[in-house]
Amino acid sequence: LGDVSGCIFHFLLEEGSKGRTVRVAERLMEHRDKVTCMAWHSKQSLLFSGSNDKTIIVWTVKESSVKTYELNGHQRPLSGLSILNANQLISSAIDGFVIFWDLS
């Protein structure tokens, strides 16, 4: 879950004696403006987050999350992210500009 401050909350669903509970596992704070979109790549355990700061941050999500790298290329705030296949990410910005990213 991303918020207006640029923070992403990584939640964990846990099974316990009292049933299921949800807790905040981590707060990921690298964006400089509102988080507007996210995409999850389950095969590579990667989280992609897009923001009004015009960047995409790639997070490796294992026991703890680590900023792996940042993708730059948009001139306007991000509006959408989608995993196309195992090696491609598509991003869009509010100006309609679309970028296909090679993840290999």
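Residues numbered from 1 in each chain as written. Predicted model: local features only at pLDDT ≥ 70, side-chain atom pairs only at ≥ 80, totals over all residues. Heavy atoms only, no water.

Novice: What is the right way to read the side chain of S49 from this model?
Specialist: Mapped onto the elements, S49 comes out in strand β4 (residues 46-51). There is a polar contact of 2.8 Å between the side chain of S49 and the side chain of H31. Here W59 takes part through its side chain, which lies 3.0 Å from a polar atom of the side chain of S49. Other than its neighbours up to four places away in sequence, S49 contacts I8, H31, C37, M38, T55, I56, I57, W59 and L81. (Helix = DSSP H or I, 4+ residues; strand = E, 2+ residues; numbered from the N terminus. Polar contact = N/O pair within 3.5 Å; in protein donor to acceptor, adjacent residues only side chain to side chain. Contact = heavy atoms within 4.5 Å.)

Novice: Would you take a moment to explain the side chain of T55 for this structure?
Specialist: Position of T55 among the secondary structure elements: in strand β5 (residues 55-61). Residue T55 is classed as buried on the basis of its relative accessible area of 2%. Looking at T55, its side chain comes within polar contact range of the side chain of H31, at 3.4 Å. Non-local contacts of T55, meaning those with residues more than four positions away in its chain, are made with H31, R32, S49, G50, E70, L71, N72 and L78. (Buried < 20%, exposed > 50% of the residue type's maximum accessible area, 1.4 Å probe, protein only.)

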